[in-house]
Amino acid sequence: MPEPATCFFDHDPAELATLFGGWGLPRYRAEQVRGWVYDKGVTDPHAMSNLPHRDRELLAERMRFTVGQIVREQQASDGTRKLLLAWPEAAAAGNAAGDASQDARTTLPVLGERDDDDLPWHTECVMIPAGDRRTACISSQVGCPVGCKFCASGLGGLEGNLSAGRIVEQVWWLNQHGGRITNVVFMGMGEPLANFAAVTRAVRTLAADWAFNLSARRITVSTVGLPAQIRRLADLELPITLAVSLHAPNDELRRTLIPWADRVSVDQLIDAGRYYFHRTGREVTLEYILLGGVNDQAQHARELARVARRLRSNINLIRYNEVAGLPFNRPRGDDVRAFQRVLREAGVNAHIRASRGRDIAAACGQLRHETRAAR
Ligand code: SF4
């Protein structure tokens, strides 16, 4: 019986060398293969020309290099590229009951978790160019357990966790579709800190000099807010940027938008954010999606300024991209600028994030949602 194929991106060089040794290959073959995949972007073992024919055949049989398949690709007029990836063998990759989700679910509900083996898993990843930067926005889960009311990714709940290899593989795909990635943000589908082990392993791979060699400072993990996991991340002392998706300046409004806010207060997030700053020296960013007529008024900005000052954080303001079927509107440009003005007058560093990819399905999870709705 042949062994089931193992996935290349799930292994670091030491593990690869051990694996190859067990298959009767010289251990240095691992470094050759690593170079083909990460340095040259080649994942077809038959094209690895400095390997003997016999070894190429063995690798083709025993190792899967890319697991995801691009099922849709879109390019916006501003250069933003979005890939919809299908992941086969959802069940074999571990479903929603991954280790760290279990952790999160000791205190938080998982909405609409499904075990639907009929559909392949779909996730989105996006490359956003800006000057010399090419930022990869990647997913950490399939669907999302949080179910924010304004978000397409949460529609349908959580289907499962991506493995570290599948998280890393998204960056590899984006590298092949639009140039070398310089920055990575975990702002695609899923709550990264609810898939803690896989996400932190993927972060280490992205930063490793044997893989993508990205500065940890160019990697951002964005969370809707799991205080215990934020502390755990801080204790790892990875100098990555932490972004907390606040989206409302007080508990009452936040609970109407984010179901998990029922269990986690803004005060708890501020405490956890301060701990993160204390441990890592990295300023926490607050993400705030402006929803027209909901959280975009001057009184919200004044309240938000008080939160930001307690946390000593900067704020990214994101103008909402509408999702078909959801009852939220994109705010007016004047309201967005007025909101920023109130924050700045209160002494808070606030940026309006440029809307990118408006002429493709720009909102997170929207392409997947449309693709599934059309089936
Ligand atoms: Fe999940 Fe983020 Fe969407 Fe909320 S906004 S449902 S946390 S992907």
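A.B. asks: So what's going on with the overall build of the protein? Residues and values would help.
C.D. replies: Helix and strand content of the protein: 12 helices and 14 strands. Within the protein, the fraction of its 375 residues that count as buried is 56%. Counting contacts in the protein only where the partners sit at least 6 residues apart, residues at least 24 apart contribute 72% of the total. In the structure as shown, the protein presents an accessible area of about 15600 Å², 47% of it carried by carbon and sulfur atoms.

A.B. asks: Account for the pattern of salt bridges, with residues named and values stated.
C.D. replies: Tallying each qualifying case throughout the model produces 13 salt bridges. Ionic pairing is found between Arg 81 and Glu 73, a salt bridge with its closest N-O pair at 3.1 Å. Taking relative accessible area as the criterion, Glu 73 reaches 37% and is therefore assigned partly exposed.

A.B. asks: Tell me what's going on with the site of the ligand, and back it up with residues and numbers.
C.D. replies: The local shell around the ligand consists of Cys 144, Val 146, Gly 147, Cys 148, Cys 151, Ser 153, Gly 154, Gly 188 and Gly 190. Among the residues making up the shell around the ligand, the classes are represented as 4 nonpolar, 5 polar and no charged.

A.B. asks: I'd like a description of the confidence of the model for the protein, backed by residues and values.
C.D. replies: Counting all residues, the mean pLDDT for the protein is 88, and 86% of those residues have values of 70 or more. Averaged over each element, pLDDT in the protein is lowest for helix α4 (residues 99-105) (40) and highest for helix α8 (residues 251-257) (98). A low-confidence stretch, residues 91-116 stays under pLDDT 50, and its non-local contacts, those more than four residues away or across chains, total 59 contacts.

A.B. asks: Let's hear about the packing of helix α9 (residues 266-280) against helix α10 (residues 298-311): which residues, and what values?
C.D. replies: One can describe the packing of α9 onto α10 by two numbers: an axis separation of 9 Å at closest approach and a directional angle of 30°. Taken together, the axes of α9 and α10 are roughly parallel relative to one another. Two secondary-structure elements touch here, α9 through Val 266, Asp 267, Ile 270, Gly 273 and Arg 274 and α10 through Val 307, Arg 310 and Leu 311. Its residues assigned to classes, the contact of α9 with α10 shows 4 nonpolar, 1 polar and 3 charged.

A.B. asks: Break down the side chain of Asn 250 for me, citing the residues and quoting the values.
C.D. replies: Along the chain, Asn 250 falls in the loop between β11 (241-245) and α8. Within polar-contact distance, the side chain of Asn 250 engages the backbone nitrogen of Leu 253 at 2.8 Å.

A.B. asks: Describe the packing of helix α7 (residues 227-236) against α9, naming the residues involved and giving the relevant values.
C.D. replies: Look at α7 against α9: their axes get within 9 Å of each other, and the N-to-C directions meet at 0°. Considering their axes alone, α7 and α9 lie roughly parallel with respect to each other. Residues Pro 227, Ile 230, Arg 231, Leu 233, Ala 234 and Asp 235 of α7 lie in contact with α9, whose contacting residues are Gln 268, Leu 269, Asp 271, Ala 272, Tyr 275, Tyr 276, Arg 279 and Thr 280. Of the residues in the contact of α7 with α9, the class split is 8 nonpolar, 2 polar and 4 charged.

A.B. asks: With reference to specific residues and values, describe unusual backbone geometry.
C.D. replies: The backbone of Asn 213 shows a phi angle near 55°, a positive value even though the residue is not glycine. Examined against the element boundaries, Asn 213 turns out to sit in the loop between α6 (196-207) and β10 (219-223). Given the relative accessible area of 52%, Asn 213 is considered exposed. Phi at Glu 237 takes a positive value of approximately 55°, unusual for a residue other than glycine. Here Glu 237 is to be found in the loop between α7 and β11. Glu 237 sits in the partly exposed class, given a relative accessible area of 48%.

Thresholds, definitions, all that
Residues numbered from 1 in each chain as written. Predicted model: local features only at pLDDT ≥ 70, side-chain atom pairs only at ≥ 80, totals over all residues. Heavy atoms only, no water. Helix = DSSP H or I, 4+ residues; strand = E, 2+ residues; numbered from the N terminus. Buried < 20%, exposed > 50% of the residue type's maximum accessible area, 1.4 Å probe, protein only. Contact = heavy atoms within 4.5 Å. Areas by Shrake-Rupley, 256 points an atom, 1.4 Å probe, with all protein chains shown as cover. Salt bridge = Lys/Arg side-chain N within 4 Å of Asp/Glu carboxyl O. Near = heavy atom within 4 Å. Nonpolar A, V, L, I, M, F, W, Y, C, P; charged D, E, K, R; others polar. pLDDT = per-residue confidence, 0-100. Axes fitted to C-alpha atoms, helices over the stretch in contact; angles between N-to-C directions. Parallel < 35°, antiparallel > 145°, perpendicular 65-115°, else oblique. Polar contact = N/O pair within 3.5 Å; in protein donor to acceptor, adjacent residues only side chain to side chain.

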